[in-house]
Amino acid sequence: AVNSILKYASFIRNIFIVTDNQVPNFIKFKKEGTYEKVFIIDHKDIFKEDSKFLPVFSNRPIEAKLYNIPGLAEHFIYLNDDMFLLKKTKVSDYFINGKPIIRGKWIKFEEEKLHKKIFPDSDKMKPKHKRAQQKSAEIVGFEKKFYRFQHIPAPLRKSTFKKFFKENRSIEIANVRHKFRDVTQFTAQGLANHIEIKNNTCTLKSDYKLIYIHKCKPFFWAKYKLNILGKKKKKLFVNMQSLDQRPKNKLTYLISWLEDKYIIK
């Protein structure tokens, strides 16, 4: 992910990697003159007054604390470690006039779907990603539907988090106190998105510009997406789910593809 940012988002000033007292080998053994804009941030540096809840083993508390990264810009872009930029991007792919571009689509709350009313969801107490997004919309005051985002880089504003959590401290604490995922938690990106939507301080777009490689799909489809669809101008992002769960031969292919595209010579 870091190499893809360095290669395809040259406007990025600093890259922060948030870890739990760890330093990735590519940083630990970096060559002189490489990765100069990459900085390692420890969990305790962003949890601050909530460090009593550490350690945590879920992304949701960590994402809710990203706004505390020392030196973080007002406008920042958040990527999970399985997200990559596919080709050159510019600021206007993420922000327009300082307002974030939120890529997604409106969908009904799970309870509002007809088949869910007829057949109640037996998994509704599981901390699923979709329900965490719905929870974020509920907190902001949305009813019946929410704006669902996908696994792509998320343009965010630091002040959006700071203002909301200053006024709603109990909501922040409730989200970061869980060591593992809990059904009551929301996604930080979803929270920020719905705040921006409510305040009309964003641009909504339905095109994810995404190549999504899912571990459950036939592998020939993954090859087609990477080598054919990936060349289309409108595709900007790649998400590869669960590489650690791939069979060895398929993992070898994907790693080779990533190295060929992103390796720093």
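Anyway, here's the lowdown on the structure attached to this text. These numbers were taken from a predicted model, which means no experiment stands behind them. (Residues numbered from 1 in each chain as written. Predicted model: local features only at pLDDT ≥ 70, side-chain atom pairs only at ≥ 80, totals over all residues. Heavy atoms only, no water.)

All right, on to the overall build of the protein chain then. A tally of regular secondary structure across the protein chain gives eleven helices and eleven strands. By the compact-globule yardstick of 18 Å for 265 residues, the protein chain fits well, its C-alpha radius of gyration being 19 Å. Dimensions of the protein chain along its principal axes, counting C-alpha atoms only, are 50 × 45 × 40 Å. Each of the 265 residues in the protein chain was classed as buried or not, and the buried ones make up 45%. (Helix = DSSP H or I, 4+ residues; strand = E, 2+ residues; numbered from the N terminus. Rg over C-alpha atoms; globule rule 2.2 N^0.38 Å. Buried < 20%, exposed > 50% of the residue type's maximum accessible area, 1.4 Å probe, protein only.)

On to unusual backbone geometry. The amide bond that connects L54 to the next residue, P55, takes the cis arrangement and shows omega of 0 degrees. Looking at where P55 falls in the secondary structure, it is placed in the loop between α3 (43-47) and α4 (59-64). Here the phi dihedral of Y35 falls at roughly 55 degrees; this positive angle occurs in a residue that is not glycine. Along the chain, Y35 turns up in the loop between α2 (25-28) and β2 (38-42). Exposure remark for Y35: the relative accessible area of 13% places this residue in the buried category. The phi dihedral of S242 is positive, around 55 degrees, even though this residue is not glycine. Within the fold, S242 resides in the loop between β11 (237-240) and α11 (248-262). What makes S242 partly exposed here is its relative accessible area of 21%.

Taken as a whole and judged by the stated rule, the model has ten salt bridges. Between K65 and E172 there is a salt bridge, with the nearest N and O atoms lying 2.9 Å from each other. Of the two residues, K65 is situated in the loop between α4 and β3 (75-78) and E172 in helix α8 (residues 169-176); the sequence distance between them amounts to 107 residues. A single burial state applies to K65 and to E172, both of which are buried. Residue R169 pairs with E172 through a salt bridge whose shortest N-O separation is 2.9 Å. Here E172 and R169 lie together in helix α8, a separation of three residues that amounts to about one turn. Judged by its relative accessible area of 27%, R169 falls in the partly exposed class. The structure contains a network of salt bridges with shared partners spanning E49, D50, K65, R169 and E172. (Salt bridge = Lys/Arg side-chain N within 4 Å of Asp/Glu carboxyl O.)

The side chains of a regular strand alternate, residue by residue, between the two faces of the sheet. Relative to strand β6 (residues 99-108), strand β5 (residues 95-96) runs antiparallel, the two sharing two bridges. By the bridge assignment for β6, I96 is matched with K99. Here β5 hands over to β6 after two residues, with N97 in that stretch at a positive phi of 55 degrees. Bridging between β6 and strand β9 (residues 203-205) involves three bridges; their strand directions are parallel. Counterpart to I102 in the pairing with β9 is L204. As judged from the five bridges shared by β6 and strand β7 (residues 145-149), these two strands associate in the antiparallel manner. When the sheet's bridge partners are listed, K105 is paired in β7 with R148. (Pairing = 2+ DSSP bridges.)

Turning next to the sheet that holds β11. Spatial ordering of the open sheet is given by β4-β11-β10, a layout of three strands whose pairing is mixed. Edge positions in the sheet fall to β4 (83-85) and β10 (210-213), since each of these pairs with one other strand and no more. Averaged over all pairs of adjacent strands, the angle between strand axes in this sheet comes to 20 degrees, irrespective of strand direction. Direction of pairing for β10 relative to β11: parallel, over a ladder of four bridges. The residue bridging L210 from the neighbouring strand is F237, located in β11. Helix-sheet contacts for α11 involve β4 and β11, and the interaxial angle to β11 is about 150 degrees. (Axes fitted to C-alpha atoms, helices over the stretch in contact; angles between N-to-C directions. Contact = heavy atoms within 4.5 Å.)

One can describe the packing of helix α6 (residues 129-140) onto helix α9 (residues 188-199) by two numbers: an axis separation of 8 Å at closest approach and a directional angle of 40 degrees. In this view, α6 runs oblique relative to α9, as classed from their interaxial angle. The two elements α6 and α9 cross, and the hand of that crossing is right-handed. Here Q133, S136, A137, I139 and V140 of α6 come into contact with α9, specifically with G190, L191, H194, I195 and K198. (Parallel < 35°, antiparallel > 145°, perpendicular 65-115°, else oblique. Left-handed = near helix turned anticlockwise from the far one by under 90°.)

To continue, consider α8. Listing the buried residues of α8 in full gives E172, N175 and V176. Taken down its axis, α8 places every buried residue within 90 degrees of arc, on the same side. (Arc of directions from axis to C-beta.)

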